[in-house]
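Inside the fold
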Amino acid sequence: MTVNSRNNPFFSVSTLPYGFPDFASISDGDFVPAFEAGFGEHLAEIAAIGSAVEPATFENTVLAMERSGQLLSRAAAVFFNNSSADATTVIQELETVVSPKFAAHEDNIYLDANLYQRFLHVDTEGLDDESVRLVEEYRKAFRRTGADLAPAAQSRLREINEELSSLGTEFSHGVLKNTNDAALLVRDAAELAGLPDEDIASASEAAKAAGHDGGYLLTLILPTAQPALEILRNRGTRRRLFEASIGRGSGDGSADTLPVAARMAALRAERAALLGFASHAAFVTDDETAPSLAAVRSMLARLAPSAVANACTEAAVLTGLAEAEGHDLEPWDWAFYSAQVRRDKYDVDLASLRPYFEFERVLRDGVFAAATRLYGITFQERPDLHGYHPEVRVWEVFNADGAGLGLFLGDYYTRDSKNGGAWMNPLVEQSTLLNRRSVVVNNLNISKPPVGEPTLLTYDEVVTCFHEFGHALHGLFSEVTYPRFSGTNVPRDFVEYPSQVNEMWILWPEIVQNYARHYRSGEPLPPETVAKLEAARLWGEGFATTEYLGAALLDLAWHSLPPGTHVADPLGFEAQALSDSGVSLRLVPPRYRTGYFKHIFAGGYSAGYYAYIWSEVLDADTVEWFKSNGGLTRSNGEHFRSTLLARGNSADPLESFRNFRGRDADLAPVLARRGLN
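Here's a quick rundown of the structure. (Residues numbered from 1 in each chain as written. Predicted model: local features only at pLDDT ≥ 70, side-chain atom pairs only at ≥ 80, totals over all residues. Heavy atoms only, no water.)

Looking now at the overall build of the chain. Across its full length, the chain holds 25 helices and 7 strands. Viewed in the frame of its principal axes, the chain has a C-alpha envelope of about 80 × 60 × 55 Å. Going through the 677 residues of the chain one by one, you find that 56% of them count as buried. Carbon together with sulfur atoms contributes 50% to the accessible area of the chain, which is approximately 26,400 Å² in total. With 59 positive and 90 negative side-chain charges, the chain shows a separation of 2 Å between the mean positions of the two kinds. (Helix = DSSP H or I, 4+ residues; strand = E, 2+ residues; numbered from the N terminus. Buried < 20%, exposed > 50% of the residue type's maximum accessible area, 1.4 Å probe, protein only. Areas by Shrake-Rupley, 256 points an atom, 1.4 Å probe, with all protein chains shown as cover. Lys, Arg positive; Asp, Glu negative; His and termini not counted. Charge placed at Lys NZ, Arg CZ, Asp CG, Glu CD.)

Here it is, written out as structure tokens:
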């Protein structure tokens, strides 16, 4: 599998615009040689820093560290992007091998005693604030990785990290396989009554691609709630779809992810104890914007009773509708009857709005147009730049003065090789030290229509488009010196904040009028319909908040285990954890159950799923600021961009928020938004 370095595209900086990876030249066979050379080159650079005879300085130690490992970084950025977005069999096999090597490599760096001592002796006197922060963040990273531990403890830490890396990959691959395997095959189109024609056509295409000619395949999205449950009129089909969703990873399928999750939780608890923390949750929150784990628990405990009460109120209404049709209310009925309430009480039928949400218009005249109005940036598609998959599209992004800002990639359609959910990845991270601008990619999982047919989005998919582009803006607008602080390299409980803010423009009058037009007639979505959507906003918040809190509290339960605890019955543990947290409602399962909770077992959110609601406090308060300061204006956009989005992690994120807002965040707006006040 050896490839000559002269022909390996990773061995030199790409000559394409913005250092865009030369995907047209990259093959799977390039990764291993690049990793092997990259590991060796990086360790040699680290050894040179650590063994230098000159006294440690900011330049010869900290800046040298920031500049090191470029070959490895180039290859890793592409590889781990592909392992999520286009995980072919070859990529999955490689990931199983290389992920533990990356864990070991990081330990080789942060457990290097000579390197650690040099960082401790760097004099920060006279440095600018960002440089001082860089030194402090490195020192903290060394301590949190175990640099102060005795050799025996460090040896055990290395073993734990390597095993966790392997298990995380195993969990991720298992979730992908289980989600693909659990797709619901329906033979009779009559069982799909209620689905729009375009969805039935997509299901037919998906079945054909899977070798089930004449059938219909309903593919699953990552969360528990499946969108089709809102509109399928056949209760039997709804039940089968719901049970397929919640059963993923439960031991009935081909990949039992539950033992993997339990083992990971136990290893994380042991590692936390080695590092001096009572639990993995305490370890994680020690490095977040939340002041403490107790503060996180306090906020969630404050929200849970009101959320559950609201969910129970909603359940009473839905029970009446179910009983009127001669049956009890079951979890697979909730979304269906909730949609009926939204239609009957608020005259809002979300399914009927899809013709107004044609994907190209949503993207061009909604997502991009809002960014242009707010920040002055413009977009030019670059078909000459080829992505990692034929469906990937590339846009060059320009500032208001015409200067190039970076590249944005969109990978929007679902496929068997792509993980579920939606996310943003950086492929090149901005840094003035390295003279780099940002290259970022958004991934969604929209069902692909038959050839020649338009892609009509659900309202939730519109929200996801705006949300993920908020992450992209956070990366594109980065204006920091050091790559360690670039873009979304902020604490986990802050990273969702800019993305949630970007959702506010979805129904903003001049934006929704611009993109929400019937794909056939061109007629705009009636203003009265938008008003009804706003009026119906609180309906269903009891369910939404409760299912979210169920997942957040389940995450904390798994990661609050004391060291030495082995969970033999993960589903029993899950049930007890939800009950103990006061969010155990039979009709409202958590947004993610243990077997497919990829965020926390393979996605970087372990003990951090609370981040969404924590970030929403900042988001809701920011929305109030925009509304009270004139809304969608260039001056508002420039203020938000310069004081917050551009700062990355170059300053304390909460300090950046205060610079933007003029004060700390107020909890009242998020309570009002979710109907919890």
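Along the polypeptide, G540 turns up in the loop between α18 (527–535) and α19 (541–558). Judged by relative accessible area, G540 falls into the buried class, the value being 15%. In this structure, the C-alpha to C-alpha distance between G540 and H327, residues 213 residues apart in sequence, is 21 Å.

Extensive coverage of strand β7 (residues 438–446) is indicated by the burial of 9 of its 9 residues. Burial along β7 is two-sided: S438, V440, N442, L444 and I446 facing one way and V439, V441, N443 and N445 facing the other are all buried. The sheet contact formed by strand β5 (residues 404–413) and β7 spans 7 bridges and is parallel. Each residue of the ladder has a partner; that of G406, found in β7, is S438. In the sheet, strand β6 (residues 423–428) pairs with β7 via 5 bridges, with the strands oriented antiparallel. Residue pairing for β7: N425 is matched across the bridge by V441. (Pairing = 2+ DSSP bridges.)

This next bit is on the nonpolar core. In terms of nonpolar packing, the biggest core is built from 123 residues, with L300, F357 and Y515 touching the most fellow members. Not counting residues up to four positions away in its chain, the partners in contact with F357 are V362, T455, L456, L457, T458, Y459, V462, Y515 and A516. Core analysis: the second largest hydrophobic core is formed by 31 residues, F35, F39, L72 and L409 among them. (Core = buried A, V, L, I, M, F, W, Y, C linked by side-chain atoms within 4.5 Å. Contact = heavy atoms within 4.5 Å.)

Okay, empty space enclosed by the protein next. Enumeration according to the criterion identifies 4 cavities of 30 Å³ or more in this entry. Its boundaries defined by the atoms lining it, the largest cavity holds a volume of some 60 Å³. Every residue along the wall of the largest cavity is listed here: M424, P426, V428, E429, Q430, S438, V440, G475, S486, G487, T488 and N489. Here the lining of the largest cavity gets 3 residues from one element, more than from any other, and that element is β6. Split into classes, the residues belonging to the lining of the largest cavity amount to 4 nonpolar, 7 polar and 1 charged. (1 Å grid on protein atoms, 1.4 Å probe; cavity = no way out; pocket = protein on both sides within 12 Å on 5 of 7 lines; lining within 4 Å. Points joined across faces, edges and corners; volume = space filled by probe spheres on them. Nonpolar A, V, L, I, M, F, W, Y, C, P; charged D, E, K, R; others polar.)

Turning our attention to the packing of helix α2 (residues 58–67) against helix α5 (residues 113–120). Interaxial distance between α2 and α5 falls to 9 Å at its minimum, and their mutual angle equals 120°. Judged by the inter-axis angle, α2 sits oblique to α5. For α2 against α5, the interelement crossing comes out left-handed. Judged by residue contacts, N60, T61, V62 and M65 of α2 engage L115, R118 and F119 from α5. Broken down by class, the residue content of the contact of α2 with α5 amounts to 4 nonpolar, 2 polar and 1 charged. (Axes fitted to C-alpha atoms, helices over the stretch in contact; angles between N-to-C directions. Parallel < 35°, antiparallel > 145°, perpendicular 65-115°, else oblique. Left-handed = near helix turned anticlockwise from the far one by under 90°.)

On to a negative patch on the surface, then. A cluster of like negative charges, contributed by D128, D129, D652 and E655, occupies part of the molecular surface. Locating D652 in the fold gives a position in the loop between α23 (634–643) and α24 (653–661). (Patch = residues over 30% accessible without salt bridge, like charges linked within 9 Å, V, L, I, M, F, W, Y side chains within 5 Å. Salt bridge = Lys/Arg side-chain N within 4 Å of Asp/Glu carboxyl O.)

This brings us to the sheet that holds strand β3 (residues 378–381). The 5 strands are arranged β3-β4-β5-β7-β6 in an open sheet whose pairing can be described as mixed. Edge positions in the sheet fall to β3 and β6, since each of these pairs with one other strand and no more. Pairwise comparison of adjacent strand axes, ignoring direction, gives a mean angle of 30° for this sheet. Each of β5, β6 and β7 touches helix α3 (residues 70–85); the most contacted strand, β6, lies at about 155° to it.

Moving on: the pattern of salt bridges. Counted under the stated rule, the structure contains 37 salt bridges. Of the charged contacts, one joins D287 and R144 as a salt bridge, the two residues approaching to 3.8 Å between their closest N and O atoms. Of this pair, D287 sits in the loop between α11 (280–285) and α12 (293–324) while R144 sits in helix α6 (residues 129–145); the two residues are 143 residues apart in sequence, bridging distant segments of the chain. In this structure R144 comes out as buried when scored by relative accessible area, which is 15%. The salt bridge partner of R156 is E270, with a shortest N-O separation of 2.7 Å. Within this pair, whereas R156 is found in helix α7 (residues 151–181), its partner E270 is found in helix α10 (residues 258–274), the two being separated by 114 residues in sequence. Taking the relative accessible area as the measure of exposure, R156 reaches 24% and is therefore partly exposed.

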